[in-house]
Amino acid sequence: MKRISTRHLIGIKNITEADIQLIFETADNFKEVINRPIKKVPSLRDITVANLFFESSTRTRVSFELAEKRLSADTVNFSASSSSVSKGETLLDTVNNILAMKVDMVVMRHPAPGACVYLAGRIPANIINAGDGTHEHPTQALLDAFSIREKLGDVAGKKVAIIGDILHSRVALSNVFCLLKLGAKVRVCGPPTLIPKYYAELGVEVSYDVQETLRWCDVANVLRIQMERQDIRFFPSLREYHQYFGITREMLDRLDREIVVMHPGPINRGVELTSDVADSKQSIILTQVENGVAIRMAVLYLLAAQRG
Ligand code: CP
């Protein structure tokens, strides 16, 4: 059996192209499994996974829980708002108390960038980053690239534009690392105030012109404006953002070919894209969500194999 090169999945930056291809091959098999009438395999029946969510989530949380159940793992779910974190308990104490109950793997979403790295050096369980602040969201990038591969046959050589609030997006950073490792050409596009200067040094193109970017790309991965992470104004109003950077049906109709539209969710309809784009046949937004379960099954399975 081929093995992944890491014990934790903290970010895409620290894994290899071979790891990504192995995750995809494993996810191909699990996608076939979850489309069978009996969607369950016994692969992780001796493993207990704790899902620790210190920040809100719909897709990632449900997807990980389903992936664990499909693999026959025991699962325990934790959300910060109803826990003793609200009484002042530290992250490390909280996690060590949960691990004392014989938990093998931890899936964690946390608002602090680096929270998973911090834990990885201090606890014996495998850790999967389910999104740490504005840093990385590795399983989202994996399912995004897997969905591009499924739709277009390959990721290598494809032109992928990531459009929107790049500054506050962990999805953008993980996507850039993943797509570049797989040989895609990557461009980020949005208002100058929402594109950090260091992106130019990552090996991606930077553009502030959405219509020209749509003409350039094969795939447009559209990101939402993360108002909850903005303590100052980066643009005058959501209405103005939509006017200059929102993707509309008319903009897609002006192109001479059909591009693929993606979005990691949650969507702010009428801001970064309109409903007739989100719900169009060019959109693979719900396929991304479907693929999230197979990708997360693959990651859990491959990391569990590292337990020896
Ligand atoms: N894409 C994503 O991370 O969605 P959730 O915040 O709902 O998990």
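Anything mentioned here points back to the structure above.
Residue positions are counted from 1 within each chain, in the order its sequence is given. Reporting in this predicted model follows two pLDDT cut-offs: at least 70 for local features of residues, and 80 or more for side-chain atom pairs to be given and counted; totals over whole chains, interfaces and linings ignore these cut-offs and use all residues. Water and hydrogen atoms were dropped before computing side-chain values, which therefore reflect all heavy atoms in the structure.

J.: Is there a simple way to think about the side chain of Thr 60 in this case?
T.: Helix and strand definitions follow DSSP, with helices as H or I runs of at least four residues and strands as E runs of at least two, each counted in order from the N terminus. Following the sequence through the fold, Thr 60 ends up in helix α2 (residues 59–70). Burial classes: relative accessible area under 20% of the type maximum marks a residue as buried, over 50% as exposed, and values in between as partly exposed (1.4 Å probe, protein chains only). Looking at Thr 60, the relative accessible area reads 4%, which means it is buried. In protein, a polar contact means a hydrogen-donor-capable atom and an acceptor-capable atom, both N or O and within 3.5 Å, with residues adjacent in sequence counting only if both atoms are side-chain atoms; elsewhere, any N or O pair within 3.5 Å suffices. Polar contacts involving the side chain of Thr 60 include one to the side chain of Arg 109, which spans 3.1 Å. In what follows, a contact means two residues having at least one pair of non-hydrogen atoms within 4.5 Å. When near neighbours in sequence (up to four residues on either side) are disregarded, Thr 60 contacts Phe 53, Arg 109, Ala 130, His 137 and Arg 296.

J.: Would you explain the state of the cysteines in this entry?
T.: Working definition of a disulfide: a covalent bond connecting the sulfur atoms of two cysteines. Only a pair of cysteine sulfur atoms within 2.5 Å qualifies as a disulfide here. Per the stated rule, a full pass over the model turns up 0 disulfides. Here Cys 189 is not disulfide-linked; the sulfur of Cys 217 is the nearest cysteine sulfur, at 9.2 Å. With a relative accessible area of 0%, Cys 189 lands in the buried category.

J.: How should I be thinking about the nonpolar core in this particular structure?
T.: General note: in soluble globular proteins, nonpolar side chains tend to be found buried as a group. By convention a nonpolar core is built from buried Ala, Val, Leu, Ile, Met, Phe, Trp, Tyr and Cys residues, the set being connected through side-chain atoms within 4.5 Å. Grouped together as the largest cluster of nonpolar side chains are 64 residues, with contacts concentrated most on Leu 142 and Leu 300. Looking at this core, the element that brings in the most residues is helix α11 (residues 285–305), giving 10 residues. For Leu 300, the residues in contact, after removing those within four places along its chain, are Leu 44, Val 49, Phe 64, Ala 67, Glu 68, Leu 71, Met 105, Val 107 and Ile 128. If you look at the next biggest cluster of nonpolar residues, it comprises 26 residues, including Ile 163, Val 222, Ile 247 and Leu 273.

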